[in-house]
Amino acid sequence: MISRRENTLRAARFERPEWIPMHYAINRACWHHYPQDALQDLMEAHPLLFPDFCRSEEPIVPEYAPWERADRPFTDSWGCVWVTTDDGITGSVVGHPLADWSTLEGYRPPDPAVDYGWGPIDWDAERERMAAARAAGRLASAGLRHGHTFLTLVYLRGYDGLIYDMADGDPRLSRLIEMVEEFNLALVRRYIAAGAEWVSYPEDLGMQRGPMLSPAHFRRYIKPTYARLMAPAREAGCVVHMHSDGDIRTLVDDLVDDGVQVVNLQDLVNGLDWIEERLAGRVCIDLDVDRQRVTRYGTPADIDALIRDEVTRLGRREGGLMMVYGLYPGTPLENAAAVMDAMERYAWHYSG
């Protein structure tokens with residue numbers, strides 16, 4: 001049996017993986033919303049999804065990131081102020097340091113030599129982390145922070161302000177985009193130098209219906225930056241992975257054109273028919289399994305049918321399909337278990 005690293009790379013590159021890579025992410029807030037023993041029982045019973053799981057006899061107290069702490073505003077390295085109402089759930093920005101353009105002149109971005117946007121980073125430790133991952137048969141993965149470009153501009157200016165800037169063609173926006181790009185590009189190059197073989201570019205661009213900015217504005221202001229950020233990773237032979245929540249159907253062709261090899265998008269929001277017709281076999285699909293409808297309100301049988309249908313329609317023996325599910329508070333525990341069962345069952349759909 002090949003390593004998980006090799007299997008994932010094969011799936012991304014259409015090189016006949018042994019199984020469909022499946023990832024099940026349990027949000028940290030779940031540990032104070034569900035009985036901890038029940039969650040651990042599920043993890044213990046699903047070794048494909050949780051191969052490194054080791055049961056804890058002590059109460060699990062997650063180490064929340066500073067921007068995931070309820071009722072404790074957090075100011076990130078860009079000067080943006082974050083607030084959340086539940087430990088473990090990333091909140092929203094309520095303080096925009098460049099809401100007034102007059103503050104741009106004296107504004108200074110973080111230093112990528114010591115900071116990755118959220119806070120300090122140790123590049124020697126990153127190099128050691130990636131070497132250890134390869135040695136253990138895992139991917140040496142790295143990535144920009146979620147919301148690295150478009151959303152960082154939103155955090156800095158405010159959503160309304162940014163959209164008006166784009167509509168007005170404000171010349172100061174180009175200067176700000178250049179500042180954000182320069183920071184991110186330095187991070188990408190440092191991650192590659194540290195040994196990354198898989199680079200992620202997570203950024204939510206979609207709403208429940210349609211993108212958060214017009215395709216024309218995306219192509220004018222964001223797409224060129226994406227292309228320049230992804231180029232060093234492609235040139236170094238890294239796999240380029242892009243995540244976006246929401247409806248991104250009008251932007252996917254631009255993302256692929258920029259160099260995205262693995263696109264992580266939501267299944268029912270974008271529509272399985274559309275995904276099958278436009279993406280299956282063309283680019284590796286990292287399918288984000290529904291968290292809004294079927295897994296939240298359906299039955300375990302509904303969940304099994306959904307995941308089987310997705311694997312059957314989007315999977316190929318040569319590869320090109322991965323699946324990910326994020327468990328958040330509110331989903332019935334029996335449904336959380338049904339997702340695990342189905343992911344492990346159908347991971348082998350194209351084996352043999």
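Because the structure is predicted, anything quoted here is derived from the model rather than measured.

Conventions and cut-offs
- Residues numbered from 1 in each chain as written.
- Predicted model: local features only at pLDDT ≥ 70, side-chain atom pairs only at ≥ 80, totals over all residues.
- Heavy atoms only, no water.
- Helix = DSSP H or I, 4+ residues; strand = E, 2+ residues; numbered from the N terminus.
- Core = buried A, V, L, I, M, F, W, Y, C linked by side-chain atoms within 4.5 Å.
- Buried < 20%, exposed > 50% of the residue type's maximum accessible area, 1.4 Å probe, protein only.
- Contact = heavy atoms within 4.5 Å.
- Pairing = 2+ DSSP bridges.
- Axes fitted to C-alpha atoms, helices over the stretch in contact; angles between N-to-C directions.
- Phe/Tyr/Trp six-rings, centres within 6.5 Å; stacked < 30°, edge-to-face > 60°.
- Lys NZ or Arg CZ within 6 Å of the ring centre and 35° of its normal.
- Parallel < 35°, antiparallel > 145°, perpendicular 65-115°, else oblique.
- Nonpolar A, V, L, I, M, F, W, Y, C, P; charged D, E, K, R; others polar.
- Polar contact = N/O pair within 3.5 Å; in protein donor to acceptor, adjacent residues only side chain to side chain.

1. Notes on unusual backbone geometry
(1) Moving on: We note that Phe14 has phi near 60 degrees; this positive angle belongs to a residue other than glycine.
(2) Moving on: Structurally, the position occupied by Phe14 is in the loop between helix H1 (4–12) and strand S1 (22–26).

2. Observations regarding the nonpolar core
(1) Moving on: Among the nonpolar cores identified, the biggest contains 103 residues, and Tyr24, Phe150, Tyr201 and Ile307 are the most heavily contacted of them.
(2) Moving on: If near-sequence neighbours (up to four positions away) are discounted, Tyr24 is found in contact with Leu49, Phe50, Tyr325, Leu327, Ala336, Val339, Met340 and Met343.

3. Notes on the sheet that holds strand S7 (residues 239–243)
(1) Moving on: In spatial order, the strands read S1-S10-S9-S8-S7-S6-S5; together these 7 strands make up an open sheet with parallel pairing. In the strand order of this sheet, the two ends are held by S1 and strand S5 (141–143), each with one partner. Going from strand to strand, the sheet's axes swing by 20 degrees on average, the running direction of each strand aside.

4. Some remarks on the sheet that holds strand S3 (residues 81–83)
(1) Moving on: Taken together, 3 strands build an open sheet; the order of strands is S2-S3-S4 and the sheet is antiparallel. This sheet does not close on itself; its edge strands, each paired only once, are strand S2 (74–75) and strand S4 (92–95).
(2) Moving on: Pairing analysis gives 2 bridges linking S2 to S3, with the strands arranged antiparallel. Looking at S3, one finds that Phe74 is bridged to Trp82.

5. Some points on the packing of aromatic side chains
(1) Moving on: Under the definition given, this model contains 11 aromatic pairs.
(2) Moving on: Ring plane angle 65 degrees and centroid distance 5.8 Å describe the contact between Tyr24 and Phe50, whose orientation is recorded as edge-to-face. Highlighted residues: Tyr24 in strand S1 and Phe50 in the loop between helix H2 (36–44) and S2, separated in sequence by 26 residues.
(3) Moving on: Accessibility expressed as a relative area gives 11% for Phe50, which makes it buried.
(4) Moving on: Ring pairs connect the aromatic residues Trp67, Phe74, Trp82, Trp118 and Tyr155, which therefore count as one cluster.
(5) Moving on: Lying across the ring of Trp118, Arg145 places its NZ or CZ 4.8 Å from the centre.
(6) Moving on: Note that Arg345 overlies the ring of Tyr346, its terminal NZ or CZ placed 5.7 Å from the centroid.

6. Some words on the pairing of strand S9 (residues 284–288)
(1) Moving on: The buried fraction of S9 amounts to 5 of the 5 residues, a majority that puts the element mostly inside the structure.
(2) Moving on: Across the two faces of S9 the burial is the same, with Cys284, Asp286 and Asp288 and Ile285 and Leu287 all buried.
(3) Moving on: Here strand S8 (residues 262–266) pairs with S9 via 5 bridges, running parallel. Across the sheet, the residue bridging to Val263 is Ile285, located in S9.
(4) Moving on: Two elements, S9 and strand S10 (residues 321–327), share 4 bridges in a ladder whose sense is parallel. By the bridge assignment, Ile285 is partnered in S10 with Leu321.

7. Some thoughts on the packing of helix H3 (residues 123–135) against helix H6 (residues 171–193)
(1) Moving on: Viewed as axis vectors pointing N to C, H3 and H6 meet at an angle of 50 degrees, and their least axial separation amounts to 9 Å. Judged by the angle between their axes, H3 and H6 are oblique. Counted together, Trp123, Glu126, Arg127 and Met130 of H3 and Leu187, Arg190, Tyr191 and Ala193 of H6 form the full contact between these two elements.
(2) Moving on: Considered class by class, the residues forming the contact of H3 with H6 number 5 nonpolar, no polar and 3 charged.

8. Topic: the environment of Trp78
(1) Moving on: The topology assignment puts Trp78 in the loop between S2 and S3.
(2) Moving on: Judged by relative accessible area, Trp78 falls into the buried class, the value being 2%.
(3) Moving on: Sequence separation between Trp78 and Ala133 is 55 residues, and the spatial gap between their C-alpha atoms is 30 Å.
(4) Moving on: Once residues lying within four places of it in the same chain are set aside, the contact partners of Trp78 are Pro97, Tyr107, Pro109, Pro110, Gly117, Arg145, Thr152, Leu156, Val180 and Phe183.

9. Here's the deal with the environment of Thr149
(1) Moving on: When you line up the elements, Thr149 lands in the loop between S5 and helix H4 (150–157).
(2) Moving on: For Thr149, a relative accessible area of 2% translates into the label buried.
(3) Moving on: Sequence separation of Thr149 and Leu229 is 80 residues, and the distance between their C-alpha atoms is 10.0 Å.
(4) Moving on: Setting aside residues up to four positions removed in sequence, Thr149 forms contacts with Val180, Asn184, Glu203, Ile222, Thr225, Tyr226 and Leu229.

10. Some remarks on the environment of Asn27
(1) Moving on: Counting through the fold element by element, Asn27 comes out in the loop between S1 and H2.
(2) Moving on: Each C-alpha atom of the pair Asn27 and Gly88 lies 6.8 Å from the other, and the pair is 61 residues apart in sequence.
(3) Moving on: Apart from residues lying up to four places away in sequence, Asn27 is in contact with Gly88, Ile89, Leu327 and Tyr328.
(4) Moving on: Polar side-chain contacts of Asn27 include one of 3.3 Å to the backbone oxygen of Gly88.

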